[in-house]
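Observations on the three-dimensional arrangement
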Amino acid sequence: MAEKNLPMREALRSALREEMLRDERVFVMGEEVGAWQGTHRVTNGFLEEFGPKRVRDTPISEMAIAGAAVGAAMAGLRPVAEIMTINFAFLSLDAIVNHAAKIHYMFNGQFKVPLVIRAASGWGNQATATHSHTPEPIFAHFPGLYVGTPSTPRDAKGMLKAAIRDENPVLFTESIALYSKPGPVPDDEDFIIPIGKADIKREGRHVTIVTYARGVEWSLRAADELSKEGIECEVIDLRWLRPLDMEPVFESFRKTNRAVIVEESLPMYSFGSEIAAQIQEKCFDYMDAPIKRVSAMDVPLPYAHDIELMALPDAKKVMQAVREVL
């Protein structure tokens, strides 16, 4: 299979364009997706290629964007609605978690909501506390809604194409810090990565690192450094928070007997807590050390750059946690 080296934003653009060419029911909508070419340039050139009927600039109202997208999906279209950053998705929670996630159930399967909501997530380089959330665990709390969190350009393309083709509503978050990071991407219009499948990004035998999204970058960097000390970490990228694929995690933990969980989101009531609980429930007899978690500090993210970085995870913090469980 031929591959191209693309930054994540271009991999996402490729996936979205291919699906719009494949299925005329697919259209994009959101603030600045058309005339402005997309805040993060994922929809660059789309307005000229597909026209205003399929590339729709919307009012500055996240509830209107999500609500209209739900209605369009129920009526037979396949909208891809862009929320400029996930911080603004809180304004559309009712449409996402009370309607999109529940309509198929509430109407006894008579309606489907084949909807994708894309949102940029994570720290914003001094974007301050109200614009630097990583709240994917909040959305993953609700049954009926899929939550995808790619960590590489390859995964971003394959996962987004799968999300657009699926019959269920999907919240698809893209780490702002990863948009410009390049990687190999299959040049194949039918390349998809099945929904709900985790991936082993690095094999190892001493410690299992479970992570997703930007945490994969920190974890792989830490694993590379630790390998120089003879410590081999197995890095598992969950990719999907819902559906959640824990079998590779359990299999790895039964081999390493130790786990470190890495996430960019906050530590209280976190996704890391859920992973730790499931490992403890299913693999208690294999546990040789307490499970460690690496996350952002339990504070609103500071504005001052050095303090902001201090409050976030990084490779050094992952390395420290691995050493502690050993």
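Let me begin by describing the structure that accompanies this report. Here the structure is a predicted model, which is why all the values come from computation and not from measurement.

One water molecule sets the probe size; rolling that probe over the atoms shows where empty space is left. Within the structure shown, the criterion is met by one cavity of 30 Å³ or more. Within this model, the largest cavity holds a volume of roughly 70 Å³. As for the largest cavity, its lining consists of 13 residues, and the residues nearest its centre are Ser121, Thr134, Glu136, Ser175 and Ala213. A per-element tally of the lining of the largest cavity places strand β7 (residues 170-175) first, with three residues. Classifying every residue of the lining of the largest cavity by side-chain character gives three nonpolar, six polar and four charged.

The contact between helix α3 (residues 62-74) and helix α4 (residues 93-100) brings their axes to 7 Å, and the two run at 25 degrees. When the interaxial angle is binned, α3 and α4 end up roughly parallel. Of α4, the residues touching α3 (which contributes Met63, Ala66, Gly67 and Val70) are Asp94, Ala95, Ile96, His99 and Ala100. Per-class residue counts for the contact of α3 with α4 are six nonpolar, two polar and one charged.

As a further point, take the sheet that holds strand β6 (residues 146-148). Backbone hydrogen bonds are what pair the strands of a sheet, in a parallel or an antiparallel way. Read from one edge to the other, the open sheet built from seven strands follows the order β3-β2-β4-β5-β7-β6-β12, with strand pairing classed as mixed. Strand pairing shows two members of the sheet lacking a second neighbour, β3 (55-57) and β12 (240-242), which therefore form its edges. Ignoring which end each strand starts from, the neighbouring axes of this sheet average 20 degrees apart. Inspection of the sheet shows β6 paired to β12 by two bridges, in the antiparallel sense. Of the residues in β12, the one forming a bridge with Gly148 is Trp240. Packing of helix α7 (residues 153-165) onto the sheet brings it into contact with β2 (26-30), β4 (78-83), β5 (116-121), β6, β7 and β12, and relative to β7 it is tilted by some 160 degrees.

Of the pockets and cavities examined, the largest pocket occupies roughly 580 Å³. Around the largest pocket, the lining comprises 29 residues; the ones closest to its centre are Pro137, Ile138, Ser265, Tyr269 and Ser270. Elements represented by at least two residues in the lining of the largest pocket include exactly α6 (136-140), β12 and α10 (271-283). When the residues that make up the lining of the largest pocket are grouped by side-chain class, the tally is 18 nonpolar, seven polar and four charged. For the second largest pocket, the calculated volume is near 220 Å³. Lining the second largest pocket are 13 residues, and of these Lys4, Leu6, Ser14, Glu18 and Asp187 sit closest to its centre. Elements with a contribution of two residues or more to the lining of the second largest pocket: β1 (3-7), α1 (8-22) and β8 (182-186).

What follows concerns the pairing of strand β10 (residues 207-211). In terms of burial, β10 is largely enclosed, as five of its five residues are buried. Burial of β10 is two-sided: the residues Val207, Ile209 and Thr211 facing one way and the residues Thr208 and Val210 facing the other way are all buried. In terms of strand pairing, β10 meets strand β11 (residues 233-237) through five bridges, oriented parallel. Within the sheet, the bridge partner assigned to Thr211 lies in β11 and is Asp237.

If you walk through the whole model with that rule in mind, you get 27 salt bridges. Lys157 is the salt-bridge partner of Glu18, the closest N and O atoms lying 3.1 Å from each other. Taken together, the residues Glu18 in helix α1 and Lys157 in helix α7 connect sequence positions 139 residues apart. Residue classification places Lys157 among the buried residues on the basis of a relative accessible area of 1%. Two residues, Arg118 and Glu82, come together in a salt bridge whose shortest N-O distance is 2.8 Å. Placement of Arg118 in strand β5 and of Glu82 in strand β4 is noted, with a sequence separation of 36 residues between them. What emerges from the salt-bridge pattern is a single network uniting Glu18, Glu19, Arg22, Lys157, Lys161, Arg165 and Asp190.

Another aspect to go through is α7. Counted at 1.5 Å a residue, the expected span for α7 with its 13 residues is 18 Å, and the 19 Å between its end C-alpha atoms agrees. Here α7 lies mainly inside the structure; eleven of its 13 residues are buried. By the burial criterion, the buried members of α7 are Pro153, Asp155, Ala156, Lys157, Gly158, Met159, Leu160, Lys161, Ala162, Ala163 and Ile164.

Cis peptide bonds are those with omega within 30 degrees of zero, and the linkage from Arg242 to Pro243 qualifies with -5 degrees. Position of Pro243 among the secondary structure elements: in the loop between β12 and α9 (247-256). Its identity is not glycine, yet Gln37 carries a phi of approximately 70 degrees, on the positive side. Among the structural elements, Gln37 can be located in the loop between β2 and α2 (46-50). Residue class for Gln37 comes out buried when judged on its relative accessible area of 15%. With a phi close to 55 degrees, Tyr269 is a non-glycine residue in the positive phi region. Along the chain, Tyr269 falls in the loop between β13 (259-262) and α10. Its relative accessible area of 77% is what places Tyr269 among the exposed residues.

Basis of the calculations
- Residues numbered from 1 in each chain as written.
- Predicted model: local features only at pLDDT ≥ 70, side-chain atom pairs only at ≥ 80, totals over all residues.
- Heavy atoms only, no water.
- 1 Å grid on protein atoms, 1.4 Å probe; cavity = no way out; pocket = protein on both sides within 12 Å on 5 of 7 lines; lining within 4 Å.
- Points joined across faces, edges and corners; volume = space filled by probe spheres on them.
- Helix = DSSP H or I, 4+ residues; strand = E, 2+ residues; numbered from the N terminus.
- Nonpolar A, V, L, I, M, F, W, Y, C, P; charged D, E, K, R; others polar.
- Axes fitted to C-alpha atoms, helices over the stretch in contact; angles between N-to-C directions.
- Parallel < 35°, antiparallel > 145°, perpendicular 65-115°, else oblique.
- Contact = heavy atoms within 4.5 Å.
- Pairing = 2+ DSSP bridges.
- Buried < 20%, exposed > 50% of the residue type's maximum accessible area, 1.4 Å probe, protein only.
- Salt bridge = Lys/Arg side-chain N within 4 Å of Asp/Glu carboxyl O.
- Expected span 1.5 Å × (residues − 1).

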